[in-house]
Structure formats: C-alpha cells, structure tokens
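Chain by chain, the residues:
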Amino acid sequence: MRYLILSDLHANWEALQAALDDTAGQYDEAICCGDLVGYGADPNKVVDWVRANCKIVVRGNHDKACVGLEDLEWFNPVARTAAIWTLQQLTPENADYIRKLPEGPLIHSGIELFHGAPFDEDEYLLTAPEAGEAFGYLAARVAFFGHTHVQGGFIWNHARVETIPSVNGKRESMTIDPECAYLLNPGSIGQPRDGDPRASCALYDSEGPVVTYCRTRYDVEGAARKIRDVGLPPILADRLSMGR
C-alpha cells in the first residue's frame, strides 16, 4: 500500500493544493497526523478536503483549540487569536468533524500515528534524547508524527538514536530496515519551521518499505495575502516566506 502522509496543514489551502498536485497518482491512501486548522485563512477548504480524502486522521493541539476542546490560556496571543477566528469561521459540520477526531496513537495497517508523542499528543519530539524516550512507547516499528513542523525524524538502531535531517532538494527516499524502529515526521504542509518555506509531506510505500520525504513550492504570497486580508495577525503571514 502507498500512503501520502500529511501533518500540520494549518488551514493553508495553497500549500496543500500544491503538495497534492505534486504527489497525484503516487499514493492509494492519505493519512493526516493532525492540526488541520489554526494560523491559516482557509480552514473550511482544508477540512472539507480532509473529510473527503483522508482515510485516517488524528487530532492535533490546534484542532482541539479551534473547537473549544483546549484551554486557550496555554496558547500565545497570536495562536489564541487565530484559534478564536477559526472557531468563528468553521461550518457546524466541519467543527463537529474536528471535535470527533480521535486522539493518537492509532495503529493503521501496521504503522502508528500520533500528533506529538506516543505518550502525550501535545509533547514535542525535537531531539534525539526526547525521541529515545518515545521509542519505548511505540507499538509498531514505523510511526509517523507531526507537531514540531520539522521534517525528518529519528531512527532507533539498537545502539543509539539517529536524527533524520530535512530534505535539501525536492525529494529524498530512505529504505526502512526491519531491524530498526522509526519515528518519521513528514513536516508541515501549512507552516514549516525548519528554515525551508516549501510545503512538506511524505510518501510511504509499505511494500518496500520505503519512505520518501517531499518538498513542494507553492504560492506563499497568495497564502500570506489571504491571512492579512481576513485580519489575522500579520506575523502569521510574514513567517510563511521564512519557513520559521
């Protein structure tokens, strides 16, 4: 089975559309590791697509915040403003869909999915020591996660935990060793934070098994303009071009 792995879409329709065009015909199922909404200007377009096309979706922290399931006091003022705006924009059907999204981790066809960490959906896995702790909680050899907005992840090879870097070019593939365990982050579609503004996702072929990290250029200025036009904090528009 061939999977398209998405995460942290953050209501950025331009980025999502570009990534979908770039990967068209190369997957059988789409899977999302959460944060459909928050920050961006197109929450309903993005959620409509996810509802119609994603086989499995786990919730993210912004999904919870944007439908009243999370205390906004934990959010910084910019994220809080975006969450309140998003809640006001979501159709009743899309808000209800987000409220009912399951908490990770989930197991689907032998791969594990969660937003932050297998032991806490809101925890960040940014360093090898943090990943080392998380590997002890995995129920599958291959797991996909998001939340950090940083493409790459970690490999446990029995002796140590290795860090997988982000892609420098357009695509980079890695064969999965059945003797190792993997925490794989497809990166963020809607708001990358690894210094590369291109939309980020991954393709996973379970027959290989092989994971391919992908980066796609999109209309950053168009997405930024929408954010400004709807009155969201300008920093949410400005950071798109920096990938931070």
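Here, the structure is the one placed above.
Numbering of residues starts from 1 in each chain and follows the order in which that chain's sequence is written. Given that the model is predicted, a residue must reach a pLDDT of at least 70 before its local features are reported, and side-chain atom pairs must reach 80 or more before they are shown or counted; all residues, however, enter totals for whole chains, interfaces and linings. Note: side-chain values were computed over all heavy atoms of the structure, leaving out hydrogens and water.

Peer 1: Describe in detail the packing of aromatic side chains, supporting the description with residues and values.
Peer 2: Side-chain rings of Phe, Tyr and Trp (the six-membered ring for Trp) are treated as a pair once their centres are within 6.5 Å; stacked means planes under 30 degrees apart, edge-to-face means over 60, and tilted covers the remaining angles. The final tally for this structure, using the stated rule, is 4 aromatic pairs. Between F114 and F145 the ring centres are 6.3 Å apart and the planes differ by 20°, which places this aromatic pair in the stacked class. Here F114 is found in the loop between β5 (111–113) and α6 (128–135), whereas its partner F145 is found in the loop between β6 (142–144) and β7 (152–156), with 31 residues between them in sequence. Neither F114 nor F145 differs from the other in exposure class; each is buried. Between F144 and Y204, the aromatic rings sit 5.5 Å apart at their centres with planes inclined by 70°, giving edge-to-face as the arrangement. In this pair, F144 is assigned in strand β6 and Y204 in strand β11 (residues 199–205), connecting sequence segments 60 residues apart. Each helix is a run of H or I in the DSSP string that is no shorter than four residues. Each strand is a run of E no shorter than two, and both are numbered from the N terminus. For each residue, the accessible area found with a 1.4 Å probe, counting protein chains only, is set against the maximum for its type, and the residue is called buried under 20%, exposed over 50%, and partly exposed in between.

Peer 1: Go over the packing of helix α2 (residues 43–53) against helix α5 (residues 92–99), please, and point to the residues and values.
Peer 2: It is at 10 Å that the axes of α2 and α5 come closest, and there the two elements cross at 60°. Comparing the axis directions of α2 and α5 gives the class oblique. Taken as a pair, α2 and α5 cross one another with a handedness that is left-handed. Taking contact as the criterion, the partners of N44, V47, D48, V50 and R51 in α2 are, on α5, E93, N94, Y97 and I98. Along the lines of polarity and charge, the residues of the contact of α2 with α5 split into 4 nonpolar, 2 polar and 3 charged. Angles run from 0 to 180 degrees between N-to-C directions of axes, and those axes are lines fitted to C-alpha atoms, restricted for helices to the stretch in contact. Any angle that is under 35 degrees is reported as roughly parallel, and any over 145 degrees as roughly antiparallel; angles of 65 to 115 degrees are reported as roughly perpendicular and all others as oblique. For any helix crossing, the convention is left-handed if the near helix is rotated counterclockwise from the far helix by under a right angle, and right-handed if that rotation is clockwise. Throughout, a residue-residue contact means that at least one pair of heavy atoms, one from each residue, lies within 4.5 Å. Side-chain classes are defined by residue name, with Ala, Val, Leu, Ile, Met, Phe, Trp, Tyr, Cys and Pro counting as nonpolar, Asp, Glu, Lys and Arg as charged, and the others, Gly among them, as polar.

Peer 1: So what's going on with the side chain of H115? Which residues, and what values?
Peer 2: Here H115 is to be found in the loop between β5 and α6. By the criterion applied in these results, polar contacts are pairs of N or O atoms within 3.5 Å in which, for protein atoms, one can donate a hydrogen and the other can accept it, and in which residues neighboring in sequence qualify only through two side-chain atoms. Among the polar contacts made by the side chain of H115, one reaches the side chain of N61 at a distance of 3.2 Å.

Peer 1: Pulling in residues and values, what's your account of the pattern of salt bridges?
Peer 2: A side chain of one charge can pair with a side chain of the opposite charge when the charged atoms of the two come close. A pair is scored as a salt bridge if a Lys or Arg side-chain nitrogen falls within 4 Å of a carboxyl oxygen belonging to Asp or Glu. This model, assessed by the stated rule, comprises 17 salt bridges. For D122, the salt bridge goes to K64, with nearest N and O atoms at 3.0 Å. One end of the pair, D122, is in the loop between β5 and α6; the other, K64, is in helix α3 (residues 61–66), with 58 residues separating them in the sequence. Residue R215 pairs with D196 through a salt bridge whose shortest N-O separation is 3.9 Å. Note that R215 is positioned in strand β12 (residues 210–216) and D196 in the loop between β10 (181–185) and β11, a separation of 19 residues in sequence.

Peer 1: Mind laying out the sheet that holds β5, listing which residues take part and the relevant values?
Peer 2: For two strands to be treated as a pair, DSSP must find at least two bridges joining them. What the 6 strands build is an open sheet, ordered β4-β5-β6-β10-β7-β8; its pairing is mixed. Looking along the sheet, the strands with just one partner apiece sit at the ends: β4 (106–108) and β8 (161–164). Each neighbouring strand pair of the sheet contributes to a mean axis angle of 20°, computed without reference to strand direction. Pairing analysis gives 3 bridges linking β6 to β10, with the strands arranged parallel. Paired with V142 across the strands is Y182, a residue of β10.

Peer 1: With reference to specific residues and values, describe helix α1 (residues 13–23).
Peer 2: For α1, the tally of buried residues reaches 9 of 11 residues, placing the bulk of the element in the interior. Those residues of α1 that fall on the buried side of the exposure criterion are W13, E14, A15, L16, A18, A19, L20, D22 and T23. In this fold, the buried residues of α1 make contact with β1 (2–6), α2, β9 (171–175), β11, β12 and α7 (220–229). The opening residue of α1 is N12, an N-cap whose side-chain oxygen sits 3.4 Å from the backbone nitrogen of E14. A positive backbone phi angle near 80° is found at G25, which sits one or two residues after α1.

Keep in mind these values describe shape, not function.
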